[in-house]
Amino acid sequence: MTTPPNPFVKEIAASTVAPPILPIIIEQTARNLFESFSEKLKASLNGRQDRALKLALDGHVSHKAGRIYSVRSEDGKHAYLVNLEARSCTCPDSHNGHVCKHRLAAYLIEQANQNNQAITPTQPADPPAPAAPDPQPLDKEEEAIEKARLVFQARSQFLRESIIYALLQVDGQPIQVEILDIAGDVALVRALPKVKDGQLVPQFPFPERTSVTQVIAKSLSDIHIFR
Ligand SMILES: [Zn+2]
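A. Representation of the overall build of the protein chain within the structure. Along the backbone of the protein chain there are eight helices and 11 strands. For the protein chain, the residues scored as buried account for 36% of the 227 residues in total. Excluding contacts between residues fewer than 6 apart, the proportion of contacts in the protein chain whose partners are at least 24 apart in sequence is 53%. By element, 55% of the accessible surface of the protein chain is carried by carbon and sulfur atoms, the whole surface being about 14300 Å².

Following this line, the structure appears as structure tokens:
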């Protein structure tokens, strides 16, 4: 784990806009959350709650998209990708089967953000506030557009102004991908569609027939940035 700091990653991290959450909200959320844990879970966490709270309070957690967060390590030298939906984190502690402090910190920010929104109805001016929530249940198409909007809000200015293509080897076959994000050693990539008989055909080459996956950034080759 001696990867030198990557200026590209830094640019992305620096330009990620997160709505401000009052520290007291984070602390209260942490207290309620950690008190709800069973004694057994508390024992297995072995103090990770305190370190997670510190990460959250010190601004180490950046929202990426959906329930995906980038969490910088305490020393700021690494950034790990946390996927709350998949209950995963790219750090060594998580690979060893532990509920790591990054996951706890990201979950804490997610919960604190919900609590924060509940008490602060006014949205920050930058980025522009999304349209007022529709009290009607969203139909499928509107839901999809809303999700896409959230994804694009989370993407940094740098990524909005550029397209980054690369090749990824999957089962020995090169697959063209667009790099959606990079945090630390991990890249979020989407398989590009293929043109077949003049039609664009989407590709789902990754596990569980998905088009987006996280890969080790070093496994990408032929990276081209257009901007
Ligand atoms: Zn972790």
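B. Quick look at the nonpolar core. By size, the foremost hydrophobic cluster in this structure holds 27 residues, and its most contacted members are Ile26, Val61, Tyr69, Val82, Ala106, Leu108 and Ile109. Within the residue set of this core, elements represented by two or more residues are helix H2 (23-35), helix H4 (48-57), strand S2 (68-72), strand S3 (79-83) and helix H6 (101-119). At six residues, H6 tops the list of elements feeding residues into this core. With residues up to four places along the chain from it excluded, the contact list for Ile26 reads Ile21, Leu53, Ala56, Leu57, Leu108, Ile109 and Ala112. Counting residues in hydrophobic clusters, the runner-up holds 13 residues, among them Ile164, Ile175, Ile179 and Ala187.

C. The coordination of the zinc ion, seen in detail. Around the zinc ion, the donor atoms from the protein are Cys89 (SG), Cys91 (SG), Cys100 (SG) and His102 (ND1), and they sit 2.1 to 2.3 Å away. Classification of the site at the zinc ion rests on its four donor atoms, whose angles at the metal span 100 to 114 degrees, yielding the label tetrahedral. Sequence spacing of the donors to the zinc ion: C-x1-C-x8-C-x1-H. Residue Cys89 is located in strand S4 (residues 88-89), and its partner Cys100 is located in the loop between helix H5 (92-95) and H6; the two are separated by 11 residues in the primary sequence. Under the relative-accessibility criterion, Cys100 is labelled buried at 0%.

D. Summary view of the packing of aromatic side chains. Counting across every chain of the model gives one aromatic pair. With a centroid separation of 5.6 Å and an interplanar angle of 50 degrees, the aromatic rings of Phe34 and Phe37 are classed as tilted. In terms of burial, Phe34 and Phe37 fall into one category: buried.

E. Seen up close, H2. In this model, H2 (13 residues) spans 18 Å end to end at C-alpha, consistent with the 18 Å of a helix rising 1.5 Å per residue. The set of residues buried in H2 consists of Ile25, Ile26, Thr29, Ala30, Leu33 and Phe34. Projected down its long axis, H2 shows its buried positions confined to an angular sector of 145 degrees, all on one face. In H2, the exposed residues that point more than 90 degrees away from the buried face are Asn32 and Glu35.

F. Region of interest: the pattern of salt bridges. As enumerated under the stated definition, the model contains six salt bridges in all. Between Arg48 and Asp93 there is a salt bridge whose closest N-O contact spans 2.8 Å. Here the residue Arg48 occupies a position in helix H4, and Asp93 occupies one in helix H5, the gap between them amounting to 45 residues. With a relative accessible area of 10%, Arg48 lands in the buried category. Each member of the salt-bridge network shares a partner with another, and the members are Arg67, Glu85 and Glu110.

G. Geometry of the confidence of the model for the protein chain. Per-residue confidence for the protein chain averages 77 on the pLDDT scale, and 70% of its residues sit at or above 70. Note that pLDDT drops below 50 for residues 5-18; the model gives that stretch 19 contacts with residues more than four away or on any other chain. Every residue in residues 121-125 is under pLDDT 50, and counting partners more than four places away or in other chains gives five contacts.

The rules behind the values
- Residues numbered from 1 in each chain as written.
- Predicted model: local features only at pLDDT ≥ 70, side-chain atom pairs only at ≥ 80, totals over all residues.
- Heavy atoms only, no water.
- Helix = DSSP H or I, 4+ residues; strand = E, 2+ residues; numbered from the N terminus.
- Buried < 20%, exposed > 50% of the residue type's maximum accessible area, 1.4 Å probe, protein only.
- Contact = heavy atoms within 4.5 Å.
- Areas by Shrake-Rupley, 256 points an atom, 1.4 Å probe, with all protein chains shown as cover.
- Core = buried A, V, L, I, M, F, W, Y, C linked by side-chain atoms within 4.5 Å.
- Donors = N, O, S within 2.8 Å, 3.2 Å for Na, K, Ca; no water.
- Tetrahedral: all angles 85-135°; square planar, octahedral: opposite > 155°, others 65-115°.
- Phe/Tyr/Trp six-rings, centres within 6.5 Å; stacked < 30°, edge-to-face > 60°.
- Expected span 1.5 Å × (residues − 1).
- Arc of directions from axis to C-beta.
- Salt bridge = Lys/Arg side-chain N within 4 Å of Asp/Glu carboxyl O.
- pLDDT = per-residue confidence, 0-100.

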